[in-house]
Amino acid sequence: MMIAKDVKVKMSDDSKPAGGAGESQFNLDGILVELGSFGKYQLLLLLLLAFRDSFLAMCNYNYVFTAIDVSYRCIVPECEDVDSRFSASWRNFALSNDSHTCLRLAPVPASQGNDTWRTCSAEQFFPNQTVHCDKVIYEDYNSIVAEFDLGCEPWKRTLIGTIHNLGLLFSFIMSGIISDRYGRKVIIVATPLVVGVVGLVKSFSVNYWMLVVLEFLETALGYGNASMVLSLETVSHKRRVVFSCMSDILSSFGTAFFGLIAWKVPYWRSLMRAIYAPLLVVVFYIFLVDEGVRWLLAHNKRDEAVRVLNKVAKINKITLSHKAKEMLTKISEENNQVTQAEAKQKQETFYILRLMRSKTIMLRLCLMSACFFCATFVFSGTIINSATISGNKYINFAALNLVAIPTRVITAFTLTRFGRKAPICVAYCFCAVFFIAAAFGPKSMGWISLMFFLMGMMGSCYGVFSLYVVAMEVFPTTSRNSLTNLATTVGRLGSVLAPQTPLLEKYMSGLATVMFGAVSLGPALLALLLPDASRAALPDDVAAAENIDKRDDTADDHCGVNTTSTEKASIP
């Protein structure tokens with residue numbers, strides 16, 4: 001990807017905005033092209049969002065390590081005095097051959113034995129009779145499973161992940177509504193602070209049920225995808241995929257680092273404090289992050305939008321063209337003619353009714369919801385099961401997140417060059433093939449299964465990100481985050497089921513991975529029914545969103561700009 005140092009773009013004085021509007025229409029995309037997409041302002045925004053999203057992702061998947069399954073065995077009172085180690089020498093004749101069970105061989109009553117029954121010998125136990133353990137001992141006590149004694153109740157361990165994702169259902173709906181009503185910045189700043197505070201309190205949980213309640217509160221009051229919405233709305237439409245991919249690459253580095261943190265800080269309470277405490281720094285984003293310009297314009301906060309655009313120009317050291325300056329001056333003057341009451345009435349009454357009556361938008365919402373259901377089930381399931389595949393669980397987790405980096409490079413190239421539908425379909429088809437192949441890989445060569453698993457994860461990672469891009473492109477600005485989050489909320493039902501998939505391994509090795517492959521075919525087919533908005537500017541109203549798949553204008557026609565050869569050379 002090559003980015004020119006000096007991008008010289010000017011707004012054509014004789015060009016008109018898309019749709020045949022007159023010169024009076026404000027042309028945001030044209031101004032965004034002039035401001036550039038990779039100046040100091042945008043790069044600082046990328047770093048700030050990457051820090052926030054990295055630690056939020058660590059917290060979002062904390063239960064992968066904090067609630068990881070731990071090997072355990074029954075306490076055998078007859079033999080503990082002889083050898084109390086976890087891997088005691090008497091395990092082969094005192095315990096059941098089945099691993100991860102709360103059964104042990106039944107002891108022979110003293111009245112039926114002889115003097116050898118006190119010496120912890122094989123004769124002291126019935127070879128074909130088992131009894132339930134009174135108590136178990138764990139290989140280590142770094143996990144919630146060991147500390148709260150969940151070994152004989154595996155459903156409680158997986159329930160933590162399920163409760164976590166149930167909270168996200170509420171969180172994504174509320175964050176979308178708040179983001180569209182009160183701004184992207186509110187969600188970007190507030191949710192990490194809530195997650196950080198609740199997470200720190202959670203690290204002091206005194207029992208299992210206190211932890212479960214706090215797990216739900218953390219996710220129900222935190223999280224949301226306002227960062228991606230802001231990154232898509234910050235740059236011109238030709239750069240939105242590349243810019244969002246760069247943001248996700250930086251956050252993927254941070255998320256992968258979680259595996260190393262968990263390796264060096266294995267105790268679950270200490271690990272939680274290590275990843276939740278840094279989120280409190282986000283309070284300073286109040287002064288460092290600006291509200292999205294598209295949101296400000298859609299809500300008639302035009303003076304603030306002009307201030308942000310001028311700030312970007314100043315930090316990037318860009319001198320706006322005469323036409324751009326005229327547009328900024330004009331919308332500032334028009335702002336005084338639009339009252340808050342009129343804006344509120346338009347937003348809350350007409351716009352909501354227009355959305356509900358649009359069959360196109362509602363059908364699109366249903367398609368996106370179905371895609372996200374399958375996609376999040378597969379993506380969340382692979383992350384959760386990364387700790388169970390062969391090899392070092394910490395390195396596996398880091399590797400699964402690092403595959404997002406080459407995946408994002410491929411995403412930026414393919415989505416820009418080949419549109420949206422075909423790449424998503426192909427990615428999920430590959431995803432299905434690789435996951436099924438991983439399930440039936442030879443056990444003696446575990447690296448082969450790991451390689452196929454990583455390739456399947458790449459396809460899943462590609463698909464989830466691409467679906468987010470499509471969702472935000474096909475919904476109008478004033479309800480973009482609400483509708484996207486509504487679709488992802490339905491999709492979160494898939495991630496609610498994902499924490500239960502490790503239980504499938506008890507019935508057949510690789511069964512969970514086979515299921516991931518089968519479910520991947522869902523978004524592969526459904527994506528073909530979605531509109532392709534790769535050539536269109538982000539729609540600002542319902543009418544534009546309904547007709548987005550009918551618009552095949554080039555970016556220059558939409559934005560009304562002339563792009564020099566230097567700018568074209570920088571397109572990836």
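Everything below is about the structure shown above.
The shown structure was predicted, so the numbers you read here are calculated from the model rather than taken from an experiment.

(A) View of the state of the cysteines. Scanning the model with the defined rule gives two disulfides in all. Note on cysteine connectivity: Cys74 is disulfide-linked to Cys133, with sulfurs 1.4 Å apart. With Cys74 in strand S2 (residues 72–74) and Cys133 in the loop between strand S4 (125–132) and strand S5 (136–138), the pair connects residues that are 59 residues apart, well separated along the chain. Judged by its relative accessible area of 1%, Cys74 falls in the buried class. The exposure class assigned to Cys133 is buried, which follows from its relative accessible area of 14%. For Cys102, the disulfide goes to Cys152, at an S-S distance of 1.7 Å. Its S-S torsion of approximately -110° makes the covalent link between Cys102 and Cys152 left-handed. Note that Cys102 is positioned in the loop between helix H5 (91–94) and strand S3 (103–107) and Cys152 in the loop between helix H6 (144–147) and helix H7 (154–182), a separation of 50 residues in sequence. Overall, the relative accessible area of 15% leaves Cys102 in the buried class. Cys371 provides the cysteine sulfur closest to Cys374, a residue in no disulfide bond, and the two sulfurs are 7.3 Å apart. With a relative accessible area of 13%, Cys374 lands in the buried category.

(B) Representation of empty space enclosed by the protein. Under the defined criterion, the tally for this structure stands at three cavities of 30 Å³ or more. Considering only enclosed or pocket space, the largest cavity measures out at about 830 Å³ in volume. In terms of lining, the largest cavity is formed by 34 residues, of which the most central are Asp53, Ala57, Asp248, Ser251 and Tyr468. Residue assignment for the lining of the largest cavity shows that the elements contributing at least two residues are helix H2 (40–60), H7, helix H10 (226–234), helix H11 (240–264), helix H18 (359–385), helix H19 (393–402), helix H20 (404–418) and helix H22 (446–474). Top element by residues in the lining of the largest cavity is H11. It accounts for six residues. Taken together, the residues that form the lining of the largest cavity break down as 16 nonpolar, 13 polar and five charged. Within this model, the second largest cavity holds a volume of roughly 140 Å³.

(C) Highlighting the pattern of salt bridges. Counting across every chain of the model gives 13 salt bridges. Close ionic contact of Arg52 with Asp53 constitutes a salt bridge, the shortest N to O distance being 2.8 Å. Classification of Arg52 by relative accessible area gives buried; the value is 1%. On the accessibility criterion, Asp53 (18% relative accessible area) is buried. When the shortest N-O distance is used, the salt bridge between Lys202 and Glu218 registers 2.7 Å. With Lys202 in helix H8 (residues 184–202) and Glu218 in helix H9 (residues 208–221), the pair connects residues that are 16 residues apart, well separated along the chain. Of the two residues, Lys202 and Glu218, neither departs from the other in class, the shared state being buried. Here the salt bridges do not stand alone but share partners, grouping Asp290, Glu304, Arg307 and Lys311 into one network.

(D) Main features of the packing of H7 against H8. For the pair H7 and H8, the least separation of the axes is 6 Å and the interaxial angle reads 130°. Considering their axes alone, H7 and H8 lie oblique with respect to each other. Touching Ser175, Ile178, Ser179, Asp180 and Tyr182 of H7 are Arg184, Val186 and Ile187, all from H8. Its residues assigned to classes, the contact of H7 with H8 shows four nonpolar, two polar and two charged.

(E) Examining the environment of Ile436 more closely. Looking at where Ile436 falls in the secondary structure, it is placed in helix H21 (residues 421–439). Spatially, the C-alpha atom of Ile436 lies 5.5 Å from that of Gly517, the residues being 81 residues apart in sequence. Setting aside chain neighbours within four positions, we find Ile436 in contact with Val514 and Gly517.

(F) Structural view of helix H1 (residues 28–35). Taking burial as the measure, the eight residues of H1 include eight buried ones, the bulk of the element. Buried within H1 are the following residues: Leu28, Asp29, Gly30, Ile31, Leu32, Val33, Glu34 and Leu35. One or two steps after H1, the chain reaches Gly36, where phi turns positive at roughly 80°.

(G) Main features of a nonpolar patch on the surface. A cluster of nonpolar side chains, namely Leu166, Phe170, Ile173, Met174, Ile177, Val213, Phe216, Leu217, Leu221 and Leu486, defines an oily patch on the protein surface of about 800 Å² accessible area. Ranked by the residues each element gives to the nonpolar patch, the list is headed by H7, at five residues. By the element assignment, Val213 lies in helix H9.

(H) Region of the structure containing the packing of aromatic side chains. All chains considered together, the criterion is met by 17 aromatic pairs. Through a chain of ring-to-ring contacts, the aromatic side chains of Phe65, Phe258, Trp263 and Tyr394 assemble into a single cluster. Above the ring of Trp263, the side-chain terminus of Lys264 is found at 5.7 Å from the ring centroid. Taking NZ or CZ as reference, Arg273 lies 4.1 Å from the ring centre of Phe204, over its face.

(I) Main features of H8. Along its 19 residues, H8 runs 27 Å from first to last C-alpha, staying within 8% of the 27 Å computed at 1.5 Å per residue. Of the positions making up H8, those classed as buried are Arg184, Ile187, Ile188, Val189, Thr191, Pro192, Val195, Gly196, Val198, Gly199 and Lys202.

About the criteria used
- Residues numbered from 1 in each chain as written.
- Predicted model: local features only at pLDDT ≥ 70, side-chain atom pairs only at ≥ 80, totals over all residues.
- Heavy atoms only, no water.
- Disulfide = S-S within 2.5 Å.
- Helix = DSSP H or I, 4+ residues; strand = E, 2+ residues; numbered from the N terminus.
- Buried < 20%, exposed > 50% of the residue type's maximum accessible area, 1.4 Å probe, protein only.
- 1 Å grid on protein atoms, 1.4 Å probe; cavity = no way out; pocket = protein on both sides within 12 Å on 5 of 7 lines; lining within 4 Å.
- Points joined across faces, edges and corners; volume = space filled by probe spheres on them.
- Nonpolar A, V, L, I, M, F, W, Y, C, P; charged D, E, K, R; others polar.
- Salt bridge = Lys/Arg side-chain N within 4 Å of Asp/Glu carboxyl O.
- Axes fitted to C-alpha atoms, helices over the stretch in contact; angles between N-to-C directions.
- Parallel < 35°, antiparallel > 145°, perpendicular 65-115°, else oblique.
- Contact = heavy atoms within 4.5 Å.
- Patch = residues over 30% accessible without salt bridge, like charges linked within 9 Å, V, L, I, M, F, W, Y side chains within 5 Å.
- Areas by Shrake-Rupley, 256 points an atom, 1.4 Å probe, with all protein chains shown as cover.
- Phe/Tyr/Trp six-rings, centres within 6.5 Å; stacked < 30°, edge-to-face > 60°.
- Lys NZ or Arg CZ within 6 Å of the ring centre and 35° of its normal.
- Expected span 1.5 Å × (residues − 1).

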